[in-house]
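So you can see what is in the structure, the chains are spelled out below.
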Amino acid sequence: MLAISDITCDIGGSIEFSNEPTTVGSPFQLYDPKTRTVHSDFSRDGVVVMSIDNLPCQLPREATEYFGDCLMPHISDFLSLTHEKHIVAQLQDTSPCISRAIITSQGELAPDYKYISSLRKEQ
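Calculation notes
- Residues numbered from 1 in each chain as written.
- Predicted model: local features only at pLDDT ≥ 70, side-chain atom pairs only at ≥ 80, totals over all residues.
- Heavy atoms only, no water.
- Helix = DSSP H or I, 4+ residues; strand = E, 2+ residues; numbered from the N terminus.
- Buried < 20%, exposed > 50% of the residue type's maximum accessible area, 1.4 Å probe, protein only.
- Contact = heavy atoms within 4.5 Å.
- Areas by Shrake-Rupley, 256 points an atom, 1.4 Å probe, with all protein chains shown as cover.
- Lys, Arg positive; Asp, Glu negative; His and termini not counted.
- Charge placed at Lys NZ, Arg CZ, Asp CG, Glu CD.
- Core = buried A, V, L, I, M, F, W, Y, C linked by side-chain atoms within 4.5 Å.

A. Expanded view of the overall build of the protein chain. When its secondary structure is counted, the protein chain shows five helices and six strands. Along the protein chain, from the amino end to the carboxyl end, the secondary structure elements read β-β-β-β-α-α-α-α-β-β-α. Within the protein chain, buried positions represent 26% of all 123 residues. Here the analysis covers contacts within the protein chain between residues at least 6 apart in sequence; of these, 30% occur between residues at least 24 apart. Just so you have it, the protein chain exposes about 9100 Å², and 56% of that area is on carbon and sulfur atoms. Within the protein chain, the 17 negative side-chain charges are centred at a point lying 8 Å from the centre of the 9 positive side-chain charges.

So, in structure tokens, the structure goes:
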């Protein structure tokens, strides 16, 4: 697993190692399952976790249900991707919705997002 987005931010609940919420300004943490520790240093191994505690409040329930309904038809495509093969190489066999959602794979930006490198250099 590469990342988890806990939209409920149920501390000690649905994601057992979520001990504190992340924020909109600093949305990600890295959880290391081997040491059972959370870090903001992304050069380490681990799973990226986003658990913004007020995220569900920013969207009405109907929007959340609509998002879920839109996402469900693409779950099988998403689950068919494997980390053993470069994801970008697999995108031709997935729906356009999934291929546009993949931003990075194995440390490289996907073709549609290569422009991000030049934006980072400008900063």
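B. Seen up close, the nonpolar core. Core analysis: the largest hydrophobic core is formed by six residues, namely I4, I15, F17, Y31, V47 and V49. Among the nonpolar cores identified, the runner-up in size contains five residues, and L81, I87, L91 and I98 belong to it.

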